[in-house]
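Descriptive structure summary
Spelled out, the chains give:
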Amino acid sequence: MNIAVAGTGYVGLVSGVCLAQIGHRVTCVDIDPAKVELMRSGKSPIFEESLEQLMAENKERLFFTTDGAQAYRDADVVIIGVGTPEKKDGSANLAYVFQAAKEIAHAIERDCVVVVKSTVPIGTNDKVEALIRAELKHPVWVEVASNPEFLAQGTAVRDTLHANRIVLGVESERAEQVLRRMYQGFEDVPVLVTNRRSAEMIKYASNDFLALKISYINEIANLCELVGADIMDVTLGMGYDERIGNKFLRAGIGYGGSCFPKDTKALHWLSNYLDYELKTVKAAIEVNDQQKLKLLKKARKHYPGFEGLTVAVLGLAFKPGTDDLREAPSLHVVPTLVEDGANVHAWDPVAQERFQDIQDDGVTYFSSPIEALKGADLCMILTEWPEVIALTPEDFKTHMKTAIVLDGRNCYDLKQFMGTGVTYESIGRARME
Ligand code: UDX
């Protein structure tokens, strides 16, 4: 099939590359000429395992352009994968989606299905379809379908090629058949066909449920600290229950990234707009906002102020395997430390450069965790990179001036720290000295 993709962010680019991988001819469109040039040269603008390799393997049927009209004109399917960033009030900004829809309407010259892959509020697909039909320049059959994406950063290619499910939100048999054909090459992935609004809701309900699960376990972890229980044992015990499952129960300093923070706020905003308060999601948001500050609170118990202190911050990305900083706890923690007069020694294997663009003053960047630890009065672990997990109590003891380690990701076995002279505090577990 001939497929065009509008937007080459995580969703657009990964979907485009994976559809080329199963044999389709795919043209990816982006408004940024520099990004298009980069992708034409075989480079991915995002840090994602095996993406460049697949780009190279499929270069005969994978094209990149800034010329949307050309790409959309004779496509069987046009996928909208542009961003839906958060507006100041928490609602989703749909300007890019509608802009892309308008361009598609002006360009298409043959029957096609326009697929909305971007995460959009329930009811948006109806609006996109109305807009496209109103703006059409040629008398063609066009229908909009919702086909949400469930990929996680760092595992995006695998999550797409071996998805848990493919959700097709369609309003006609014809659109369903077109999309079933597009996904034929994704063998063994269950396909669920619903109406458009249910498909839009499946995406939000899934993401918000996962966010809720994390906030719930973070609250239980906070309580574990107060009652002397151990969150690792507690989650282990909970996870044996198949109804609960053992995934997404890792306590820490809160969720970040481009989806959970935005999608929880967008659904909460939408429900408020409809005069319904989504209390559970609201609580998940509030708990997460507090959890991001948890290490700072712990640090203030050791040092009332940070003036003149050297603080090693290990990990800046919102999770390992990505250089993405969106909504990362580091964006709250590091500026607060700097504002309070600390000298921050930061380390992250891939997100350092991006972070430096945001925060240069008061931060020195190092090429290894050990270098960052040297002379530190305090260490905060914000991302569980393998290089951080590989550190030993001896490393902290040897290199830090005062070996106080505040671990926001529960990277180590507690017993390791027993009697080492390192003060080790983590989330939902006992303090070790
Ligand atoms: C998420 C969803 O997993 C994906 O299905 C959706 O399409 C987009 O949003 P992503 O944001 O890339 O993907 O990362 P994910 O691995 O889900 O982690 C999100 C955040 O939750 C990270 O900050 C991570 O550290 C945190 N997290 C995750 C926890 O704190 N505990 C957990 O148990 C799991």
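The preceding data block contains the structure.
Residues numbered from 1 in each chain as written. Predicted model: local features only at pLDDT ≥ 70, side-chain atom pairs only at ≥ 80, totals over all residues. Heavy atoms only, no water.

1. Quick word on the site of the ligand
As a matter of local geometry, the ligand sits amid 18 residues, with F150, L151, Q153, R250 and K319 nearest to it. Here an oxygen atom of the ligand and a backbone polar atom of F150 are 2.8 Å apart. The backbone of R250 places a nitrogen or oxygen atom 2.8 Å from an oxygen atom of the ligand. Across the complex, the protein chains shield 93% of the 660 Å² of accessible surface that the ligand would expose by itself. Broken down by element, the residue count for the shell around the ligand peaks at 3 residues, all from helix α9 (residues 196-227). A breakdown of the residues in the shell around the ligand according to their chemical character gives 10 nonpolar, 3 polar and 5 charged. (Near = heavy atom within 4 Å. Polar contact = N/O pair within 3.5 Å; in protein donor to acceptor, adjacent residues only side chain to side chain. Areas by Shrake-Rupley, 256 points an atom, 1.4 Å probe, with all protein chains shown as cover. Helix = DSSP H or I, 4+ residues; strand = E, 2+ residues; numbered from the N terminus. Nonpolar A, V, L, I, M, F, W, Y, C, P; charged D, E, K, R; others polar.)

2. Examining the nonpolar core
By size, the foremost hydrophobic cluster in this structure holds 59 residues, and its most contacted members are L337, M380 and F396. Setting aside residues up to four positions removed in sequence, F396 forms contacts with L373, C379, I381, L391, A403, V405, Y412, F417 and V422. Grouped together as the second largest cluster of nonpolar side chains are 40 residues, M1, A156, A163 and F186 included. (Core = buried A, V, L, I, M, F, W, Y, C linked by side-chain atoms within 4.5 Å. Buried < 20%, exposed > 50% of the residue type's maximum accessible area, 1.4 Å probe, protein only. Contact = heavy atoms within 4.5 Å.)

3. Considerations on the state of the cysteines
Counted according to the given criterion, the structure contains 0 disulfides. There is no disulfide at C28, and the cysteine sulfur nearest it, in C18, is 11 Å away. A relative accessible area of 0% places C28 in the buried class. Not part of a disulfide, C224 finds its nearest cysteine sulfur in C411, a span of 18 Å. Residue class for C224 comes out buried when judged on its relative accessible area of 5%. (Disulfide = S-S within 2.5 Å.)

4. Considering the packing of aromatic side chains
Inspection of the entire model under this criterion finds 9 aromatic pairs. Geometrically, the ring pair formed by Y183 and F186 is edge-to-face, given 5.3 Å between the ring centres and 70° between the ring planes. For the pair formed by Y183 and F186, the shared burial category is buried. Grouping aromatic residues by their ring pairs yields a cluster made of F396, Y412, F417 and Y424. Its guanidinium or amino end placed over the ring of F150, R165 lies 3.5 Å from that ring's centre, counting from NZ or CZ. (Phe/Tyr/Trp six-rings, centres within 6.5 Å; stacked < 30°, edge-to-face > 60°. Lys NZ or Arg CZ within 6 Å of the ring centre and 35° of its normal.)

5. Let's talk about the environment of Q99
Looking at the secondary structure, you find Q99 in helix α5 (residues 95-107). Taking the C-alpha atoms as reference points, Q99 and V82, separated by 17 residues in sequence, lie 9.7 Å from one another.

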